[in-house]
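# Reading the structure
Letter by letter, the chains look like this.
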Amino acid sequence: MDEAKQEELFWKKIEAEEKIEPKDWMPEDYRKNLIRQISQHAHSEVIGMQPEGNWITRAPSLRAKKVLLAKIQDEAGHGLYLYSACETLGVSRDTLIEQLHQQKAKYSSIFNYPVLSWADIGAVGWLVDGAAIVNQVSLQRTSYGPYSRAMVRICKEESFHQRQGYEIITQMANGTAEQREMAQDALNRLWWPSLMMFGPTDKDSPNSAKAMKWKIKRESNDLLRQRFIDKTVPQAEILGLSIPDPDLELQADGSYKFGEINWQEFYDVVQGNGPCNKQRLDHHIKAHNEGAWVREAAIAYGMSKSKETIAA
Ligand code: 3HC
C-alpha cells in the first residue's frame, strides 16, 4: 500500500477511535511525539521514587512504612510499563536512559522540589498523585494502544496513592497544633508546583495542538489543571487547610478562579534550575551505574537459558 493510502488508513483509525498498534503504519512525527511523551512520563515515575524513598526509614509507624513501600514499588512498576510501551515504538531502553542522563529528556518538574517532612509525603500523595490521576485518567483514551493500556493499569494503582496521601494529611491536619502547621506548610510549598505538572497554558504549549489532532492528548493542559483545582480545593476545605492563593474564588458554575502561576519558576525548574534537579539526576546516574552488574548478569542468564533451550 503506498504511503498516501497508509496515511489515509491511519487517520480513519484515529477518527474511528481505534487504537494505533505498534505494527501499524504511523506518521514519523506521531511516533516521535509519543516517544518524547511516554519516555518523559516513565522518567517521571522513576525519578519520583527518590523523594519518597528518603522517607522509608523515617516513616512514623510500621504501617506507614509498609504503605509507603508499596506505593514506591508501584511507581517503579509504572515506570517499567511505560518504558516497555515506549520500546514498542522502536527505541531502546538504553537510549531513553541516556537521553535522561544527558538532559535531552525531561521528567516532571514536581520531583525537583524537596520533601521536607512527613506531611510532605502526605501532600505528595494527595496533590502530586491527585494531579497525576486527573492527567492519566484522560490519557487512558490516548490513541496509541500500548500507552492507553498502560494508563488503564496505572490509574487503578494511582487512586490508592492519592488515598494514602490524603489519609496522612488528614491525620496531620487533625493532629496536634504542630502537625497541623506541618500540613499547612506542605500545602503552601507544594500547591503551585502541583499545578505546574499540567504544563504551560494552552496558548504557550508547543505540543498540544498536534497532540490533540493525533488524539495523543485528549484534553488540554488548562482544562485538566482546572479539573484538578476544582476537585482538590474542597478536599483542603474539609481539613480546614487553606490553599495558598489569595485570588482563589468560587465561581457560580462551581469552578474556581485562581491566581497567576509563576511561569518563570516553571521554566527555571524545567530547564534544570530547580531546588533538587542536580541531586535527582546525580542519584539516578549513580544508581544506574551501580546496577550495571545486575543488568549484565540478567542478560547473561537469559542468554544461557536460551542456549539451553536451543540445545535441547
Ligand atoms: N515538568 C517538566 N516538563 C514539562 C512539564 C512539567 N511539569 N510540563 C510540560 N513540560 C514540558 C513538555 O515536556 C514540553 O517539553 P518537550 O517538548 O521538550 O517535551 C514543554 O514543557 C511544553 O509542554 P507541552 O504542554 O507543549 O508538552 P506536552 O504536550 O507533552 O504536555 C504534559 C505536557 C501534560 C506533561 C504531557 O507530556 C503529559 O500528559 N505527559 C504524561 C503525564 C506525565 O508525564 N506526568 C508527569 C508526572 S508522572 C507522575 O506524577 C507519577 C505519579 O505516580 C506520581
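Note: the structure precedes this text.
Residues numbered from 1 in each chain as written. Predicted model: local features only at pLDDT ≥ 70, side-chain atom pairs only at ≥ 80, totals over all residues. Heavy atoms only, no water.

Okay, the environment of W191 next. Structurally, the position occupied by W191 is in helix α8 (residues 177-196). Along the primary structure W191 and D245 are separated by 54 residues, whereas in three dimensions their C-alpha atoms are 9.0 Å apart. Each residue touching W191, except ones within four places of it in the same chain, is listed here: L127, F228, I229, T232, V233, I243 and P244. (Helix = DSSP H or I, 4+ residues; strand = E, 2+ residues; numbered from the N terminus. Contact = heavy atoms within 4.5 Å.)

Surveying the vicinity of the ligand reveals 31 residues, the closest of which are R36, E75, K106, S205 and K217. N207 has a polar side-chain atom sitting 3.0 Å from an oxygen atom of the ligand. Within the side chain of K217, a nitrogen or oxygen atom sits 2.8 Å from an oxygen atom of the ligand. Compared with its free state, where it exposes 1,000 Å², the ligand has 90% of that area covered by protein. When each cavity is represented as a set of grid points, the ligand is found to reside in the largest pocket. (Near = heavy atom within 4 Å. Polar contact = N/O pair within 3.5 Å; in protein donor to acceptor, adjacent residues only side chain to side chain. Areas by Shrake-Rupley, 256 points an atom, 1.4 Å probe, with all protein chains shown as cover. 1 Å grid on protein atoms, 1.4 Å probe; cavity = no way out; pocket = protein on both sides within 12 Å on 5 of 7 lines; lining within 4 Å. Sits in = over half its atoms within 2 Å of the grid points.)

Glancing now at the packing of helix α2 (residues 28-47) against helix α5 (residues 93-101). Running from N to C, α2 and α5 cross one another at 70 degrees; their axes reach a closest spacing of 11 Å. Judged on the interaxial angle alone, α5 and α2 are roughly perpendicular. Contacts between α2 and α5 involve I35, S39, H43 and I47 on the former and, on the latter, L96, I97 and L100. Looking at side-chain class alone, the contact of α2 with α5 contains five nonpolar, two polar and no charged residues. (Axes fitted to C-alpha atoms, helices over the stretch in contact; angles between N-to-C directions. Parallel < 35°, antiparallel > 145°, perpendicular 65-115°, else oblique. Nonpolar A, V, L, I, M, F, W, Y, C, P; charged D, E, K, R; others polar.)

Let us look at unusual backbone geometry. In this structure, Q103 is a non-glycine residue whose phi angle is positive, near 55 degrees. With respect to the secondary-structure elements, Q103 resides in the loop between α5 and α6 (118-139). At K215, a residue that is not glycine, the phi angle is positive and equals roughly 60 degrees. As for its placement among the helices and strands, K215 is situated in the loop between α9 (208-213) and α10 (221-239). Residue class for K215 comes out buried when judged on its relative accessible area of 17%. (Buried < 20%, exposed > 50% of the residue type's maximum accessible area, 1.4 Å probe, protein only.)

We now examine the state of the cysteines. Tallying each qualifying case throughout the model produces zero disulfides. Unpaired in terms of disulfides, C86 finds its nearest cysteine sulfur in C155, a separation of 18 Å. A relative accessible area of 0% places C86 in the buried class. (Disulfide = S-S within 2.5 Å.)

This next bit is on the layout of surface pockets. For the largest pocket, the calculated volume is near 1,100 Å³. Residue lining of the largest pocket: 43 residues in total, with Q40, S108, M197, F198 and G199 positioned closest to the centre. Those elements that place two or more of their residues in the lining of the largest pocket are α2, α4 (62-87), α6, α7 (145-173), α10 and α11 (263-273). Here the lining of the largest pocket takes nine residues from α6, the largest share from any one element. Among the residues forming the lining of the largest pocket, the class breakdown is 18 nonpolar, 14 polar and 11 charged. Within this model, the second largest pocket holds a volume of roughly 650 Å³. V46, M49, H284, A287 and H288 are, among the 18 residues lining the second largest pocket, the residues nearest its centre. Contributing elements (two or more residues each) for the lining of the second largest pocket: α3 (49-53), α4, α5 and α12 (277-290). Among the elements that make up the lining of the second largest pocket, the one with the highest residue count is α12 (six residues). Residue classes in the lining of the second largest pocket are distributed as seven nonpolar, seven polar and four charged. (Points joined across faces, edges and corners; volume = space filled by probe spheres on them.)

Moving on, we come to the environment of P234. Its location among the elements puts P234 in helix α10. When its relative accessible area of 30% is taken as the criterion, P234 is described as partly exposed. Taking the C-alpha atoms as reference points, P234 and T176, 58 residues apart in sequence, are found 22 Å from one another. Leaving out residues up to four positions away in the same chain, P234 has contacts with I229 and Y256.

Helix length check: α4, at 26 residues, gives a terminal C-alpha distance of 38 Å against a target of 38 Å (1.5 Å per residue), a fit within 8%. If you check which residues of α4 are buried, you get A64, L68, K71, I72, D74, E75, H78, G79, L82, Y83, A85 and C86. Contacts from the buried residues of α4 go to α2, α3, α5, α6 and α7. (Expected span 1.5 Å × (residues − 1).)

With that settled, consider the pattern of salt bridges. Taken as a whole and judged by the stated rule, the model has 22 salt bridges. For E17, the salt bridge goes to K215, with nearest N and O atoms at 2.8 Å. Taken together, the positions of E17 in the loop between α1 (3-15) and α2 and K215 in the loop between α9 and α10 put the pair 198 residues apart, joining distant regions of the chain. Of the charged contacts, one joins E75 and K71 as a salt bridge, the two residues approaching to 2.7 Å between their closest N and O atoms. Highlighted residues: E75 and K71, both in helix α4, separated by four residues, approximately one helical turn. In this pair, the class of E75 matches that of K71, namely buried. Salt bridges sharing partners connect three or more residues here, namely E52, K71, E75 and D129. (Salt bridge = Lys/Arg side-chain N within 4 Å of Asp/Glu carboxyl O.)

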